[in-house]
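# Working through the structure, step by step
Spelled out, the chains give:
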Amino acid sequence: MVELQSVEPVVKGDEYVTLSFPEIRRYGRHLIMPEVGMRGQKRLKAAKVLVVGAGGLGSPVSLYLAAAGVGRIGVVDFDEVDETNLQRQVLFTTGDVGKKKSEVAAKRLRELNPFIEVKSYDTVINSSNALEVIKEYDVVIDATDNFPTRYLLNDACVLLGKPLVYGSIFRFDGQVSVFYAGKGPCYRCLYPEPPPPGLVPSCAEGGVLGVLPGIIGALQANEALKLILGIGRPLIGRLLLVDALSMTFRELSFQRDRNCPVCGDNPTIKELIDYEAFCGVRVTGEEIGASFSITPEEFKEMLERGERIEIVDVREPVEWEICRIPGAKLIPLSQLTSRLHEIDQTKKVIVYCHTGQRSALAVKLLRDVGITRSYNLAGGIDAYAARVDPSIPRY
């Protein structure tokens, strides 16, 4: 039998908390569990948890934390509800499309549990505000989908001594871990450097099974509750890998890196940095340059003038089946270098993908090998469908 290695509860001051008769009734299934009981439920009520991201992961995480009776939940998200969110983001309904995610989430959580406090942050969390926001909370949930924010949250939590519950999703695969400096390794110990920009596709580019965020988000909520209650064995120093397609779980163990720049023996990162620059986000945009991109409207004018154009679609075949720009040639980005001979270099080459990210990388590659008359369709086929040709379906 594996011995459980619990940590001390992250919440203090629960002795000053009381539960009303209606709360006792609501949380009865918790109260009869020895691992929770009255004291544990009071800890949950005293706890403050920050959920960064109200999307696929943030939806189930925040719903389960609210249902469990976590006393104060902060929700950070600057985005608005979009139709494409509804396939997996169970906080929202069709009537919420166009509304602020953080505000809708806060309203929904209060409706679920009127005994808790919910604070919404309709803002981008960044180096200028992260420490100020996070210091008010006991546990931080990383429910984001981009590398700059992941490194930002990690470094902020290390500097403030807060546990960070990490989750990520892509297609059928998910990951969960707990990064808790002083108790174990941090995110940088596992991933010292971010991947090159564009190497790891986002869910918007690669897709995600709608139920997967529910699985991973529920696991994140479970880890947060264990940290608050001080029970069980948190995923500290362990990375849980979930394959929903084969329904298998694997676990990788990893150690604190003594040379880690933020949690190591001699840290060099003692304040928050520019994380977009660190992850190469800005560099990629500068390399492509505005002069190497055209707008959907400019592309339309080129077509109407009858210019000699080679249109290259660098999406995947499954996306090609959904929609395409008439006259385009499908060459997925992963095959581009081996199929350069298929591109007519005597013509102006217009490259597009779904939203313009992969095609920007493709244009850089083409220009690096001497195809200098290549241009990125800014915003991809999605922007072209929205602004120029509504007969093309959006996804």
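Residues numbered from 1 in each chain as written. Predicted model: local features only at pLDDT ≥ 70, side-chain atom pairs only at ≥ 80, totals over all residues. Heavy atoms only, no water.

Per the counting criterion, the structure on display carries 23 salt bridges. Salt-bridge contacts for Asp265 lead to Arg256; the nearest nitrogen and oxygen are separated by 2.7 Å. Judged by its relative accessible area of 36%, Asp265 is partly exposed. Its salt-bridge partner being Glu310, residue Lys329 comes within 3.1 Å of it at the nearest N-O pair. Taken as a pair, Lys329 in strand 11 (residues 329-330) and Glu310 in strand 10 (residues 309-313) lie far apart in primary sequence, 19 residues in all. On the accessibility criterion, Lys329 (28% relative accessible area) is partly exposed. A network of salt bridges, in which partner residues are shared, links Glu301, Arg305, Glu307 and Lys348. (Salt bridge = Lys/Arg side-chain N within 4 Å of Asp/Glu carboxyl O. Buried < 20%, exposed > 50% of the residue type's maximum accessible area, 1.4 Å probe, protein only. Helix = DSSP H or I, 4+ residues; strand = E, 2+ residues; numbered from the N terminus.)

Looking now at the nonpolar core. In terms of nonpolar packing, the biggest core is built from 51 residues, with Leu65, Val70, Ile73, Val139 and Ile228 touching the most fellow members. If one sorts the elements of this core by residue count, helix 10 (residues 212-229) sits on top with eight residues. Leaving out residues up to four positions away in the same chain, Ile228 has contacts with Pro9, Val10, Val11, Arg43, Leu44, Ala47, Val49, Val70 and Val139. (Core = buried A, V, L, I, M, F, W, Y, C linked by side-chain atoms within 4.5 Å. Contact = heavy atoms within 4.5 Å.)

The next point concerns a nonpolar patch on the surface. Together, Phe21, Ile24 and Met38 line one region of the surface with nonpolar side chains, adding up to about 320 Å² of accessible area. With respect to the helices and strands, Ile24 occurs in helix 1 (residues 21-26). Of the residues examined, Ile24 reaches a relative accessible area of 31% and is grouped as partly exposed. (Patch = residues over 30% accessible without salt bridge, like charges linked within 9 Å, V, L, I, M, F, W, Y side chains within 5 Å. Areas by Shrake-Rupley, 256 points an atom, 1.4 Å probe, with all protein chains shown as cover.)

Across the seven residues of strand 5 (residues 164-170), six count as buried, placing the element largely inside the fold. Pairing of strand 4 (residues 139-142) with strand 5, which is carried by three bridges, proceeds in the parallel orientation. For Val140, the partnering residue across the bridge sits in strand 5 and is Leu164. Regarding the hand of the β-α-β motif, the stretch spanning strand 4, helix 7 (residues 147-160) and strand 5 is right-handed. In the sheet, strand 5 pairs with strand 6 (residues 173-179) via seven bridges, with the strands oriented antiparallel. Its bridge partner lying in strand 6, Tyr166 is registered against Ser177. Adjacent in sequence and paired antiparallel, strand 5 and strand 6 are bridged by two residues, among which Arg171 carries a positive phi angle near 55°. (Pairing = 2+ DSSP bridges. Right-handed = clockwise from strand over helix to strand, strands pointing away.)

One open sheet holds the eight strands; their spatial order is 3-2-1-4-5-6-7-8, and the pairing between them is mixed. In the strand order of this sheet, the two ends are held by strand 3 (117-121) and strand 8 (248-253), each with one partner. Between one strand axis and the next, the sheet turns through 15° on average, direction left out of account. Against the sheet, helix 7 contacts strand 1 (48-52), strand 4, strand 5 and strand 6, and its axis sits at roughly 170° relative to strand 5. (Axes fitted to C-alpha atoms, helices over the stretch in contact; angles between N-to-C directions.)

The next thing to look at is a negative patch on the surface. On the surface, Asp79, Glu80, Asp82 and Glu83 cluster together into a patch of negative charge. As for its placement among the helices and strands, Asp82 is situated in the loop between strand 2 (72-76) and helix 5 (101-112). (Lys, Arg positive; Asp, Glu negative; His and termini not counted. Charge placed at Lys NZ, Arg CZ, Asp CG, Glu CD.)

Residue position: Ser168 is located in strand 5. The exposure class assigned to Ser168 is buried, which follows from its relative accessible area of 11%. As a C-alpha pair, Ser168 and Lys183 span 15 residues in sequence and 22 Å in three-dimensional space. Ser168 has contacts with Leu57, Arg150, Asp173, Gly174, Gln175 and Ile216, leaving out every residue within four places of it along the chain. A polar contact is formed between the side chain of Ser168 and the side chain of Tyr166, at a distance of 3.1 Å. (Polar contact = N/O pair within 3.5 Å; in protein donor to acceptor, adjacent residues only side chain to side chain.)

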